[in-house]
Amino acid sequence: MPPTSVLVIGAGPAGLTAAYLLAKQNVPVTVLEADPEYVGGISRTVKYKGFLFDIGGHRFFSKSQRVEDFWTEILEKDMLNRPRSSRIIFRGQFFDYPLSAGEALSKLGIWESMLCGFSYLKAKLFPVKPANNFEDWVSNQFGKRLFGMFFKTYTEKVWGMDTKEISADWAAQRIKGLSLGSALLNALKPKKKPGSSSGGKGGKVIKTLINSFRYPRRGPGMLWEVCAEKIQQLGGTVLMGRRVTDVTRDAGTGQWTVTATDAEGRTEQFTAGHVISSTPMRELARALRPGLSEKGAAAAESLRYRDFLIVSLILTERDKLSDNWIYVHDPAVKVGRIQNFKSWSPEMVPDHSKACYGMEYFCFEGDGLWAMSDPDLIALATKELQQLGIAEPGDVVDGCVTRQKKAYPVYDDHYREYIATMRAELEERFPNLHLVGRNGMHKYNNQDHSMMTAMLTVENIVAGEQRYNIWEVNEDAEYHEHVREGEQSGAGGLRHVPTRVAADVEK
């Protein structure tokens, strides 16, 4: 079957990966991006007075060689090899993450360490079963006392939920293979050379313990900006500042007509044989013509998102931090994580007499934090940086605020039901509509996972059949081939994300 034309909604990692691979195979492809300036989605690099900001922090590390090869192909000469360094700040003290046994003992003190040890032994002897929620699952791995110190506050800041309401599935994936025992064992092992990874049982890589990663020298957006340029060099089209308003399918021909509006309100129409969408499922449902059924539309409107903003502060360099980021477990401040952009790459900070810290705040669009003015947010971030002992009065000389809508899909009691309802209708009525990426699939994907959904979608389109079930791509960028009649399905599981635990399950 000859390749057909494709329209891609969204120029994030998934959308640009798909477009690049299609353009390489001479498939006519057009990308529509709502942002007037930046490609890369949440993986973009924001620029301010020569300073560069990574929105959310992006380590370029994947268990998929295919994804690693893609990054190398796009940005072969501009990928740095960076040491991974992250710590937790708790009670005014810094703790290495992953946890170091000796450091924890010396900083917590003998008595507190003994209490943590007894708490861990209790968890091993009398674990909570079944461990349905995040709190019980992590407490079983580390003990209740360490959970309260190093997991509870940060997790609740990120998701805006009590840890008793977050599914254990998320912990099992995000902290996969890590326990107090593995953390202590890792602390006692000799440090490996840069480029290596700390292992788990059977030599498996525990992502939480990797000690180095690759990183574009001018931030993650550099890679996606080059990718967009290569797409156009290959004959594809990338149009910025185009907000999609209507996605219409002709029932007779199956042809798509997509309408987009630019910043001046002018409308343009594009036609294609396939549409790849990485836009949030709720927004896509609103734009689809003919629209979804009443049940499908209700499911789409029930989907929710967690937003966040980053206050980037430029300040006098006092060598306070060497980390890529700091997890803030202090409930007395609102900031959840602090990025140190110079540690990601020295080129992120043009003036080496200055430091630049990204103060990350997790919120919902429209709430108190989101609605604060930029000057008030800069003042809040400055105050909290001093409160944490990372800056001194007068250090901060400038700052800016970047807001990120729909950074994380929210998963309540019925999200699986909503997704299943939408999937069933979309797949039946719109077989040439393909959902990819984090918001496109309403799945908490990492960058490499989002890219893999795009890679396999391209293979399906070019082949003219669904060879791969994109929904079965998991967090390690692995996949299951679509099971044909008479074949056996492979092992593995879907990406798990924070989900609310139903009240009857908690009991």
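Preceding this section is the structure that the text describes.
Residues numbered from 1 in each chain as written. Predicted model: local features only at pLDDT ≥ 70, side-chain atom pairs only at ≥ 80, totals over all residues. Heavy atoms only, no water.

1. Section: the sheet that holds strand S2 (residues 29–32)
If you trace the five strands from one edge of the open sheet to the other, you get S11-S2-S1-S15-S22, paired in parallel fashion. With one partner strand each, in any of the chains shown, strand S11 (237–239) and strand S22 (433–435) form the two edges of the open sheet. For this sheet the average axis-to-axis angle between neighbouring strands, irrespective of direction, equals 15°. Bridge count for strand S15 (residues 274–277) against S22 is three bridges, and the pairing is parallel. Bridged to Val-275 within S22 is Leu-433. Where helix H18 (residues 447–463) meets the sheet, it contacts strand S1 (6–9), S15 and S22, and its direction lies at approximately 175° from that of S15. (Pairing = 2+ DSSP bridges. Helix = DSSP H or I, 4+ residues; strand = E, 2+ residues; numbered from the N terminus. Axes fitted to C-alpha atoms, helices over the stretch in contact; angles between N-to-C directions. Contact = heavy atoms within 4.5 Å.)

2. Overview of the nonpolar core
The biggest cluster of nonpolar side chains holds 121 residues, and the ones touching the most others in it are Phe-70, Trp-71, Trp-224, Val-247, Leu-288, Met-422 and Leu-433. Broken down by element, this core gets its largest block of residues, eight residues, from helix H1 (residues 13–24). Among the nonpolar cores identified, the runner-up in size contains 28 residues, and Leu-313, Val-333, Leu-369 and Leu-377 belong to it. (Core = buried A, V, L, I, M, F, W, Y, C linked by side-chain atoms within 4.5 Å. Buried < 20%, exposed > 50% of the residue type's maximum accessible area, 1.4 Å probe, protein only.)

3. Concerning helix H12 (residues 294–301)
In an α-helix there are 3.6 residues to a turn, and that puts residues three or four apart on one side. Of all the residues in H12, the buried ones are Gly-296, Ala-299 and Ala-300. For H12, the arc enclosing every buried residue in end-on projection is 100°, short of the 170-degree limit, so these residues lie on one face. Facing away from the buried surface of H12 by more than 90 degrees, the exposed residues are Glu-294 and Lys-295. Contacts from the buried residues of H12 go to helix H11 (281–287) and helix H16 (415–429). (Arc of directions from axis to C-beta.)

4. Brief notes about the environment of Arg-337
As for its position among the elements, Arg-337 is in strand S19 (residues 337–340). As for Arg-337 and Gly-358, which are separated by 21 residues in sequence, their C-alpha atoms are 8.1 Å apart. Once you skip the residues sitting within four places of it in the chain, Arg-337 turns out to touch Gly-56, Gly-57, Tyr-154, Trp-325, Ile-326, Tyr-327, Val-328, Gly-358, Met-359, Glu-360 and Phe-362.

5. Comments concerning the pattern of salt bridges
Within this structure, the stated rule accounts for 30 salt bridges. Where Arg-266 meets Asp-262, a salt bridge forms, and the shortest distance between an N and an O atom there is 3.0 Å. With its nearest N and O atoms 3.8 Å apart, the salt bridge here joins Arg-318 to Glu-392. Here the residue Arg-318 occupies a position in the loop between strand S17 (304–316) and strand S18 (325–328), and Glu-392 occupies one in the loop between helix H15 (374–387) and strand S21 (396–410), the gap between them amounting to 74 residues. Judged by relative accessible area, which is 41%, Arg-318 ranks as partly exposed. Given a relative accessible area of 33%, Glu-392 falls into the partly exposed group. Salt bridges here are not isolated pairs; linked through shared partners, they connect Glu-135, Lys-144, Lys-152 and Glu-156. (Salt bridge = Lys/Arg side-chain N within 4 Å of Asp/Glu carboxyl O.)

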